[in-house]
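Each chain is listed here by its residues.
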Amino acid sequence: MTEVRPTAAASASLWERDAEVDAVVRAIEALGTDRSSAGTLLVIRGEAGFGKTALLAETRRIAERHGCRVWSARGGQTLRSVPFNVVRQLLQPALVSLMPEEAREYLGDCYDNAGPALGLTEPGERQADPQGVTEGLVAVVRRLTRRDWPLVLLIDDAHWADQETLRWLAAFTERLHDLSVLVVVARRPAEVSGESARLLDTVAATAGHPATTLSALTPQGTSGLTRATLGEHADPPFCREVWAVTDGNPYETVELLAKVRDSGLEPTEGAAGQLRALNRAARGGGLVARLEELGIDATRFAWAAAVLGTGIAVDMVAKLATLSRDEAVHCAELLRSARYLTSPDPADAQADGGDLEFVHPLIATAVYESIPPALCTAMHGIAAQVVTDSGRGAAAASRHLLRVHPDDDEELVEQLREAARDHLAVGAPDAARRCLERALLEPPPPETHAQVLYELGRATLLTAPARTIDHLRAALAMPGLDGTERLDAVIRLSQVLVHNDQLEEALRTVETEVARHGPGPARMRLQAVQYMWEGLHADETTSPGRSERLAGLARTCTGRDNSERVLLILRGFDAMTHGENAEEIVEACDRALVNGRLAPGLGWTDNEWGVELPLMLASSYAYTDRLDRAESLFTEALRAYGSAGWGGGHLALAHAYVGLGHRRRGRLREAETSLRESLRIAERVGRGLPLYWSATCNLVDTLLARGHIDEAWSVAEQYGFAPPYPSTIVLPDPRSVRGRLLLAVGRTKDGVNELEAAAKAAAARGHHNPVLVPWAVDLARALAVDDPGRAARLATDARRQAERFGTDTAIGEALRCAAALETGQRAVRLAAQAVTYLEASPCQHEHAAARIEYGILSRSATELDRGLALARSCGADGLAAQASAALEAGLGPW
């Protein structure tokens, strides 16, 4: 028996909860012993009335006795559509202790990402990225938990939490391993489905142990509780009947015993027959009937409180219930006395600052469901006005507007559009979507219908690409979307089609719109977008003559405005993929910059053109040996997305391309770290998308370069790195990388077939950059024994392409391949030439490989030592092992 075992009616809700309380005590004691210990998550599951709230209250008392800070929050049945509602409640104790200037200084970058979601600061004009806001909230709570250790976070009724809070909670609990904090989450086992259920399951999975499931009281426990409440003289038949009529539900048992005590009923067998009637008065219809007995004013007050759900301030309830201030105060006292409402616990104060709250969620649910449907709808409409008049804004009022029946109300449509904009600005696109979908039901007037569809498409852009496609198509098919809005809708539609791996449809969409426009800026912009998507197309159906037309346009461009800069970037990328002269490629790319930087409007977070253009520019530098410029751009992307709070796909791409920069440079350990982080984020965004392929392909390529062949194969198997390939270009070429992987694991025939397919696809697209699409050198090595003639021809052709391209890396790699196919002094001379070129290249991994191969061919310990040192500095463990083995074998023939 623990020190906190209930021994009186005051703690009756904890009856038969010794084991659960013991688990809480152990977790709190562990939390307080070591600031560096890992965090703990306790998940408590139980049906309504089984004592979850009581157990959390006891957790608070125990934690505070142990010197812990405790923050708590609760979900609400009618509040699930309010974004960030629960996490705001949770952080209120910490936020009220910081002045605005202190909060900004203490939270740093997190303040800009998460501040608007938490109500600390006004949102900006730009649509916030939901994943970035989630990550910002994680960072905020991590900082605060370190400041306020030892800290306990309590979340009650998590099944009613808003999805934005649940996303934060899932991300936060994943990181508990390096943060000393106790998180206790209580929820019902049902009551939730869809995304919320998935997120709650994700949270539970991070606990590392099964959730605590609360059970009903046993007959023996019910007898003990009955005697503790009514006296030891309560006889056994009476106690058994208490258990029978309540089914052992702890809340109902406590309420029933309170009514027995208040009524003066003696706990004898003769009185047991009256228990069912008393119990009916404490639940469902009986509770509602008892409410009606308090009078119409008290009933209206309770209904209004249930509609508001949160922030139950007497003045606001009075307005909604059309009561005077004095009448409202009187009703509040009646409802307190009747155990419907209570004053909030000061230790559990919430952000809304209400005067009252319902005694139990079961009561709130019963009262809300008792409101006649038509009246309930009308009260929500009035509540929206009351909330708006109180200064809380359209977003706060929107949850009430969502429940109003459609009635062709233009003003309501505008209110919902305003609320949607507010939700998007704080990173709650799902809430914005609900507002705009409801606005469409009103419906909007014909002149704004297309605009609402357009706004809905923008709202779902980052979270539901398929829905965005439908909404934007519908908007474009209707009158009312003209000028810059129509142009933006077309371009956004093409972007989401590309990111949804529907590139051909994106091309058709832009081509159709180009045909609608005469010469001018709009047509030029659309044509640039068309060239951009064609440049990313990995299929064999690109427009004939495209490269020639693009080259002709770019030849006249000086980079004086963004239209010309876009064409220069597209030309540089196109020429890079085709393996044209690298110096000319770099010259075109340099003209697209302004003082060596991306021009305003073409940056990583600028919406007009999208992320593809700066990625094309940086990639062109990466594959023309201008790695300093490429890495500067990739690092800028990571910094820009971090500062803007953009997570999800944008952040996954940034990490992938930072990893690509490291890989090209030869910093293989750093590359692997960046690419694994990219893949972790990409997993949350969704498999099969181009960004997912970028992360996976580069990680496999990096692991092969490190010599970690088994791990590369495991990653390929785990993440589906196999045909069919995406419709967009992936850098480097995935067929070439998979072919090399198959050769490395000993599946030579499959590897050769894959490289043959890479050769065919590259020829159809005109992609002859031997570094970007390196199938030829790997295929030549694979065929060296069985088909030396073809291997030699492939090596010769690879060298010709490399010399046309003109980079030290390309030529050095071609010479390495040629040396591998030769013998004797000719092999030595070719290997020496490869070293010369790759020593001048910024790609240190390839330089290390060339040194080691030359050292083996020339039997030079000096060259092997230099190659070994390079391999170790790169993290190329396979090359290092090869060099070490050669050195250990001695300098004689091997």
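A brief report on the enclosed structure follows. (Residues numbered from 1 in each chain as written. Predicted model: local features only at pLDDT ≥ 70, side-chain atom pairs only at ≥ 80, totals over all residues. Heavy atoms only, no water.)

Right, let's get into the packing of aromatic side chains. One pair of aromatic rings is described through two measures. These are the centre distance and the angle between the planes. Under the counting rule described, the total for this entry stands at six aromatic pairs. Ring centres 6.4 Å apart and planes at 75 degrees place the aromatic pair tryptophan 604 and tyrosine 641 in the edge-to-face group. Highlighted residues: tryptophan 604 in the loop between helix 29 (582–591) and helix 30 (612–622) and tyrosine 641 in helix 31 (residues 627–644), separated in sequence by 37 residues. Note on accessibility: tryptophan 604 and tyrosine 641 belong to one class, buried. By the ring-pair criterion, three or more aromatic residues cluster together here, those being Trp693, Phe721 and Tyr725. (Phe/Tyr/Trp six-rings, centres within 6.5 Å; stacked < 30°, edge-to-face > 60°. Helix = DSSP H or I, 4+ residues; strand = E, 2+ residues; numbered from the N terminus. Buried < 20%, exposed > 50% of the residue type's maximum accessible area, 1.4 Å probe, protein only.)

Our focus in this paragraph is the pairing of strand 3 (residues 151–156). The buried count for strand 3 comes to six of six residues, which makes it a mostly enclosed element. By the alternation rule, side chains of strand 3 split into Leu151, Leu153 and Ile155 and Val152, Leu154 and Asp156, which are all buried. Bridge analysis of strand 2 (residues 69–74) against strand 3 gives six bridges, and the strand direction is parallel. The residue bridging serine 72 from the neighbouring strand is leucine 154, located in strand 3. Pairing between strand 3 and strand 4 (residues 182–187): four bridges, direction parallel. Pairing of valine 152 across the sheet is with leucine 182, part of strand 4. (Pairing = 2+ DSSP bridges.)

Three or four residues apart is the spacing at which side chains of an α-helix point the same way, because the helix has 3.6 residues per turn. For helix 18 (residues 373–389), spanning 17 residues, the distance from its first C-alpha to its last is 24 Å, which sits close to the expected 24 Å at 1.5 Å a residue. Restricting attention to buried positions, one finds in helix 18 the residues Cys376, Thr377, Met379, His380, Ala383, Ala384, Val386 and Val387. If you follow the buried residues of helix 18, they end up packed against helix 14 (296–308), helix 15 (314–321), helix 17 (361–369) and helix 19 (393–401). At the exit of helix 18 stands glycine 391, carrying a positive phi of roughly 90 degrees. (Expected span 1.5 Å × (residues − 1). Contact = heavy atoms within 4.5 Å.)

A word on unusual backbone geometry. For the bond running from glutamate 442 to proline 443, omega is -10 degrees, close enough to zero to count as cis. Tracing the backbone through its elements, the reader meets proline 443 in the loop between helix 21 (429–441) and helix 22 (446–459). Here the amide bond leading from proline 723 into proline 724 is cis, since omega sits at 0 degrees, within 30 degrees of zero. Looking at where proline 724 falls in the secondary structure, it is placed in the loop between helix 35 (709–719) and helix 36 (734–744). Backbone geometry at phenylalanine 84 places phi at a positive 65 degrees, although glycine is not the residue there. Positive phi outside glycine occurs at aspartate 157, with the angle close to 50 degrees. Mapping aspartate 157 onto the fold places it in the loop between strand 3 and helix 7 (163–173).

We now examine the nonpolar core. By size, the foremost hydrophobic cluster in this structure holds 194 residues, and its most contacted members are Phe301, Val367, Trp533, Leu570, Leu613, Val700 and Trp775. Residues in contact with phenylalanine 301, not counting those within four places in the same chain, are Val317, Ala321, Leu323, Ala328, Cys331, Ala332, Leu335, Leu341 and Leu356. Membership of the second largest hydrophobic core comes to 49 residues, among which are Ala114, Ala128, Phe172 and Leu176. (Core = buried A, V, L, I, M, F, W, Y, C linked by side-chain atoms within 4.5 Å.)

So, on to the pairing of strand 4. The element strand 4 is extensively covered by neighbouring structure, given that six of its six residues are classed as buried. In strand 4, alternate side chains face the same way, and those of Leu182, Val184 and Ala186 on one face and Val183, Val185 and Arg187 on the other are all buried. Taken together, the six bridges between strand 1 (residues 40–45) and strand 4 define a ladder with parallel strand orientation. When the sheet's bridge partners are listed, leucine 41 is paired in strand 4 with valine 183. Of the crossover connections in this fold, the one passing from strand 3 over helix 7 to the parallel strand 4 is right-handed. (Right-handed = clockwise from strand over helix to strand, strands pointing away.)

Turning our eyes to something else, we now look at the sheet that holds strand 1. Here five strands make up an open sheet; going across it, the order is 2-3-4-1-5 and the pairing parallel. With one partner strand each, in any of the chains shown, strand 2 and strand 5 (212–213) form the two edges of the open sheet. Set on the sheet, helix 2 (residues 52–65) makes contact with strand 1, strand 2, strand 3 and strand 4; between it and strand 3 the angle comes to about 170 degrees. (Axes fitted to C-alpha atoms, helices over the stretch in contact; angles between N-to-C directions.)

Moving on, we come to the environment of leucine 294. Note on placement: leucine 294 falls in the loop between helix 13 (284–293) and helix 14. C-alpha separation for the pair leucine 294 and alanine 338, spaced 44 residues apart in sequence, amounts to 8.7 Å. The contact partners of leucine 294, leaving out residues within four places of it in the chain, are Leu334, Leu335, Ala338 and Tyr340.

A separate point is the packing of helix 24 (residues 483–499) against helix 26 (residues 521–536). Remark: helix 24 packs on helix 26, axes separated minimally by 11 Å, with the N-to-C direction vectors making an angle of 5 degrees. Between helix 24 and helix 26, the crossing angle belongs to the class labelled roughly parallel. Together, Leu487, Val490, Ile491, Ser494, Gln495 and Val498 of helix 24 and Ala522, Arg525, Leu526, Val529 and Trp533 of helix 26 make up the contact between the two elements. For the contact of helix 24 with helix 26, the class distribution of residues is eight nonpolar, two polar and one charged. (Parallel < 35°, antiparallel > 145°, perpendicular 65-115°, else oblique. Nonpolar A, V, L, I, M, F, W, Y, C, P; charged D, E, K, R; others polar.)

It is worth spelling out the pattern of salt bridges at this point. Counted by the stated rule, this structure contains 54 salt bridges. Here the salt bridges share partners, and the residues they tie into one network are Arg663, Asp701, Arg740, Asp778 and Glu846. (Salt bridge = Lys/Arg side-chain N within 4 Å of Asp/Glu carboxyl O.)

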